[in-house]
Amino acid sequence: MAIGLRPVSDARGRRFAHPQVQDAWAALDCGFAQVADVFEECASEALASFGAAQMAAYIEAARGLGKLGRGAEPMLIFLQEWPAVVAAARGDVLAPVLDLVKAMQKSPNGGAIAGFLQTLAPVARRLQAIEQLELYLDLVRELMQRTSTSIHGRHITFPSPSLPVFCRQAPQLLGLLSLGGLRNWVDYGILSHATHPERQEEYFALQSADSHAILQRERHGTLFVDVERKLELWLRALWREGELLVPYSTAFDEIRQPLPYYDSQGMRVPDVLDDAHGIAGLDRYRAVLAHMVGHRRWTLPQIADNWSPFQRMAVEFFEDCRVETLLMREFPGLRRVFLALHPKPAPGACDPQTTSCLRHRLAMLSRALIDPDHGYTDAVLGEFVARFHGLLAGAGASTAEVAQLALAWVAKTRRQSDQLARVHFADTVIDYRDDNRQMWRFIEQGDEEEAFDEERRLQRSDEPVGLPPRRYPEWDYRSVSYKPDWTSVYEALHPSGDAGKIDRLLARHAALANQLKRLLDILKPQDKVRLRYQEEGSELDLDVALRSLIDLKSGAMPDPRINMSHTTAGRNIAVMVLLDLSESLNGKLANGTQTVLELSQEAVSLLAWAIDRLGDPCAIAGFHSNTRHEVRFHHIKGFSERWDEPVKARVAAMQAGWSTRMGAALRHAGHYLAARKADKRILLLLTDGEPSDVDVDDAAYLRADARRAVDELAAKGLTTFCLSLDPKADDYVSEIFGRRWRVLDRIERLPEQLPMLYLNLTR
Amino acid sequence: MSNREQFLVKAEPFYQAQGREVELYAAAYAARLPVMVKGPTGCGKSRFVEYMAWKLGKPLVSVACNEDMTASDLVGRYLLDAGGTRWLDGPLTTAARIGAICYLDEIVEARQDTTVVIHPLTDHRRNLPLDKKGEVVEAHPDFQLVISYNPGYQSLMKDLKQSTKQRFTAFDFDYPEAGLEAGIVATETGIDAATAGRLIQVAQAARNLKGHGLDEGISTRLVVYAATLMRQGVAAGDACRMAMVRPITDDADIRATLDNAIDSVFG
Ligand SMILES: Nc1ncnc2c1ncn2[C@@H]1O[C@H](COP(=O)(O)OP(=O)(O)O)[C@@H](O)[C@H]1O
Ligand SMILES: [Mg+2]
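Source: prediction; values computed, not measured.

Draft legend 1. Local environment of the state of the cysteines. Residues and elements named next belong to chain A. Enumeration over the complete set of coordinates arrives at one disulfide over all chains. Across a sulfur-sulfur distance of 2.0 Å, Cys350 and Cys357 are joined as a disulfide pair. Disulfide Cys350-Cys357: torsion about the S-S bond near -90 degrees, hence left-handed. Cys357 matches Cys350 in its accessibility class, with the two residues each being buried.

What follows is the structure, encoded as structure tokens:
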């Protein structure tokens, strides 16, 4: 694969080595060179996780997006983002997404398609479940329909002023609000700014006071995503459970609040829980999980067919109390939480003359079964509480045994009025308990195994080459927020050339190499360094000891510090050298013979040679970019590789082209460096200019993003240092790198200066 | 002779066997085979060796290894006194001379060039050359070498050399099963068995997180500390947080989880 600019024309004729990628490319029927450039990687990522049918649908959807007459963007974004959406949503939502795109295209809102697709993956990551993502799609559609206005008497509809901004803000908003909260916030915005396009836009861009106020109002409770790790740790620590947790939305089903449940896909919990009855949201989540853990441990499914609905309801209440009793045995502290959340119905609250009181009786019984101080005086209740505890004493009984007790209870307390249509519900819903769907087996319906359409995944051996793109956010200083997943970084091993070329270059610098060698020998870690004049040490320092002995013999005060000890002077440094390989490196030096690229090759070779002699782990990589959709990251030397022929061959093949999207490259390099274990981890960037890219007009934007990336790396304990070859760099370089930079004024001295710089930095 | 005397374990240490390690160790000692005791921090390795020394009636010379330790710290060195220089045996040499069990605790903490000095003592040679002194110490017939190390904790940089490992027979220790461990804590500290069991429950919650944010769980030693604090009248929650949770993690989510485990266990 050649680096540098590729021919723009004739993208349909582009050839790909892997047959499946080639087939997909043919099916895509795409003339955009921009898409062709990244297609191999996108297709590889998709092929690795999609089955054949899903893959075909993916390509077909992309093809359609390419024919909307909106340029390459919608197709490109879709190709890049979709696998991530599917992974985050844990399922396929292609059909509803395409539906929505179609609706946008048909309305005057087609311009919002690219922006909508762009944030879908981060939105999906926030929502984490396919059902939630579908609700989000509904919300977008509703917003679009309600804010696209038409003026009376004229057949023109105006695009929604708020749709594009909303899509852009959605990931950030979902970081603060549950889906329900988001819907309320959207509602308010639509209703109060229906006739004012500018105000509406401001509201949805979070730039107006009422927008912030509503946001604060809707922001309540504990969001699942914010405590997910805590909950996972808690399940593992207390219960040794490694189950997947999947949130569901609590806001869209007002008549019947969905209940938690679990199945083979994981444990389903509400997306947000408010503090209630003095119990914090986090502890309410824990109660929900504990209860389900109890069932998973101790509940054996029962055959439902022979029992009436009333009997089943009673069995569920008894079994719920049984597992909670066992849970509290293991962790007594749970009782406080359960009791705070469990309603305590008043004995006389339900009138059996007019109302079905079954639920009421069961809720009281349930309370009494887990609360030693329940205070109820009903004799039958007392009898069953005693029988329950008798049954559970010792091993804790079984689901079947407790079910028999439940049936006895139903027989004993049955009332004619239980059949009444009016059911007493108040204080009978125990909302931390799951819906008990796992407790029942229905014979008649037939327990069919869930049929999986197990499509054959790609075998390892026929997997195409090319790593899937990594996506990084970009910092937008104007909105003071990250644009999630904004850049796609493609990485690959740099192609190889003639290693001999590098040896010839190095030979030209023999004198310099000799000079460096002397310096290196000084810096090279000595296994041991002597610490002399120690009162206590590992060895006698004979010189000093003799002197002291003489002193002693001649009656003078001897120096007691006659020992010495050793310490190691090891260097514990890992360095990543990151090379800007943008087009400007092809420029010639003032002397007219050499290019900056050639000079960089020499400098990097000398540096790599020097570091290799020192023994510091060192990696080298180059980068350049062609819009945010295509940041290329070339691995030239890995940390574990020596400075040897294959590495030299890669340096020899270095080429320059395209632009400098610095932030993305810094983040990706930092990703590798952060994985190293070393006391000092240094990212050394060699560049000849400021960040720039063809899809960005505002130079300050990429500078601010690079600055942000440097800060992110610093937060990870990585030190970034920039050596700039741009004589005008002073204007901006400190804005990005703080105090950690140097500008090389005489570029011809780069081969000498780069290694020296490194040695000085790490002295 | 008095030198030997001073290294004898006087009183019987309390040691709760976890399996057949006592008889197996005795067999290894009878053949004077070097022994390696592997296991996480604070699971009873040192206590076991101490107990075995007592049971076999042999002196015990213990060395806590560390990074700054040099070969001289083990073997010995010249010191200066009024009459000139004087050789002082290091603990390894002493053990070899008097026929002690020499216990090198956490051996991987020492640098590898230090650990090689033990090699001649661990094979048929059973001797220790004192290069500086020009003497070769032949090991006493009772001498035995025991090392301990924690395979889970150390970095890749700090593993035992294969050539060193290959010289030892080995025991794999782990935290005892809950009932046994509670018994140990109760006996060590005099706390009641039920409370000891609760403390173990908290420790196990942390051990379940090993590899999920914790390098090591809560050791038996830390549980003993917590129980000791409670015997001093410290409330259970405070004792657990101070002795068991705070020492092992700075991760806020893990701390919250273990704090909740404490509250859940002690109600
Ligand atoms: N099997 C055991 N019998 C008695 N005490 C034990 C046992 N295991 C652990 N302990 C207790 O744990 C503490 C730490 O054990 P120790 O042997 O020092 O750990 P290690 O050497 O494995 O780091 C001991 O002081 C003792 O209180
Ligand atoms: Mg120890």
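Draft legend 2. The sheet that holds strand β10 (residues 470-476) of chain A, seen in detail. Residue and element names in this part refer to chain A. Within the open sheet, the eight strands sit side by side as β10-β11-β17-β16-β15-β18-β19-β20. Their pairing is mixed. Among the strands making up the open sheet, the edge pair consists of β10 and β20 (741-743). On average, each strand axis in the sheet is inclined to that of its neighbour by 25 degrees, with strand direction left out of account. Inspection of the sheet shows strand β11 (residues 481-493) paired to strand β17 (residues 631-637) by five bridges, in the parallel sense. Bridge assignment links Leu493 to a residue of β17, and that residue is His635.

Draft legend 3. Structural view of the sheet that holds strand β8 (residues 144-149) of chain B. All names here are of chain B. Spatial strand order, β2-β5-β8-β1-β9: five strands in an open sheet with parallel pairing. Edge strands, defined here as strands with exactly one partner in the open sheet, are β2 (60-64) and β9 (169-172). Averaged over all pairs of adjacent strands, the angle between strand axes in this sheet comes to 20 degrees, irrespective of strand direction. The pairing of strand β1 (residues 35-38) with β9 spans four bridges and is classified as parallel. Counterpart to Met36 in the pairing with β9 is Ala170. In the packing of helix α3 (residues 45-56) onto the sheet, contacts are made with β1, β2, β5 (101-105) and β8, and the angle to β5 comes to roughly 175 degrees. Each of β2, β5 and β8 is contacted by helix α5 (residues 91-98), which is oriented at about 165 degrees to β2, the strand it contacts most.

Draft legend 4. Examining the packing of aromatic side chains more closely. Residues and elements named next belong to chain A. Applying the stated criterion to the full structure yields 29 aromatic pairs over all chains. Where Phe16 meets Phe39, the ring centres are 5.7 Å apart and the plane angle is 55 degrees; that geometry is what we call tilted. One end of the pair, Phe16, is in the segment before α1 (19-28); the other, Phe39, is in helix α2 (residues 33-49), and 23 residues separate them in sequence. For Phe16, a relative accessible area of 11% corresponds to the buried category. The exposure class of Phe39 is buried, given its relative accessible area of 1%. Considering the side-chain rings of Tyr188 and Tyr203, the 6.1 Å spacing of their centres and the 25 degrees angle between planes classify their relative orientation as stacked.

Draft legend 5. Fine view of helix α16 (residues 334-341) of chain A. Among the residues of α16 of chain A, Leu334, Val337, Phe338, Leu339 and Leu341 of chain A are the ones counted as buried. Check the buried side of α16 of chain A and you find it contacts α13 (224-239), α14 (281-298), α15 (309-330) and α17 (358-370) of chain A together with α12 (252-266) of chain B.

Draft legend 6. Highlighting the packing of α13 of chain A against α14 of chain A. All names here are of chain A. Direction vectors running N to C along α13 and α14 enclose 40 degrees, while the axes themselves pass 10 Å from each other. When the interaxial angle is binned, α13 and α14 end up oblique. Seen from above, α13 lies across α14 with right-handed handedness. Mapping the contact onto sequence places Phe224, Val227, Lys230, Leu231, Trp234, Leu235 and Trp239 in α13 and Leu282, Tyr285, Arg286, Leu289, Ala290, Val293 and Arg297 in α14.

Draft legend 7. Quick look at the interface of chain B and chain A. Counting from both sides, the interface comprises 29 residues of chain B and, opposite them, 26 residues of chain A. Its largest share of buried area at the contact with chain A, chain B owes to Leu80, Asn208 and Asp253 of chain B, together 21% of the area lost on that side. Residues Asp253 of chain B and Arg229 of chain A are paired through a salt bridge, measuring 3.0 Å at the closest nitrogen-oxygen approach. Applying the counting rule to chain B against chain A returns eleven residue pairs in polar contact (both at pLDDT 80 or more). Tallying contributions element by element places α12 of chain B first for the side of chain B that touches chain A, with nine residues. Across the side of chain B that touches chain A, the residue classes break down as nine nonpolar, twelve polar and eight charged.

Draft legend 8. Spatial organisation of the nonpolar core. With 94 residues, the main nonpolar core has Trp239, Leu289, Phe318, Phe338, Leu365 and Trp409 of chain A together with Met244 of chain B as its most contacted residues. The element that contributes the greatest number of residues to this core is α13 of chain A, accounting for nine residues. By size, the runner-up hydrophobic cluster in this structure holds 81 residues, among which are Met55, Val123, Leu127 and Ala170 of chain A.

Criteria and cut-off values
Residues numbered from 1 in each chain as written. Chains lettered and ligands numbered in written order. Predicted model: local features only at pLDDT ≥ 70, side-chain atom pairs only at ≥ 80, totals over all residues. Heavy atoms only, no water. Disulfide = S-S within 2.5 Å. Buried < 20%, exposed > 50% of the residue type's maximum accessible area, 1.4 Å probe, protein only. Pairing = 2+ DSSP bridges. Helix = DSSP H or I, 4+ residues; strand = E, 2+ residues; numbered from the N terminus. Axes fitted to C-alpha atoms, helices over the stretch in contact; angles between N-to-C directions. Contact = heavy atoms within 4.5 Å. Phe/Tyr/Trp six-rings, centres within 6.5 Å; stacked < 30°, edge-to-face > 60°. Parallel < 35°, antiparallel > 145°, perpendicular 65-115°, else oblique. Left-handed = near helix turned anticlockwise from the far one by under 90°. Buried area = accessible area lost by both parts, 1.4 Å probe. Salt bridge = Lys/Arg side-chain N within 4 Å of Asp/Glu carboxyl O. Polar contact = N/O pair within 3.5 Å; in protein donor to acceptor, adjacent residues only side chain to side chain. Nonpolar A, V, L, I, M, F, W, Y, C, P; charged D, E, K, R; others polar. Core = buried A, V, L, I, M, F, W, Y, C linked by side-chain atoms within 4.5 Å.

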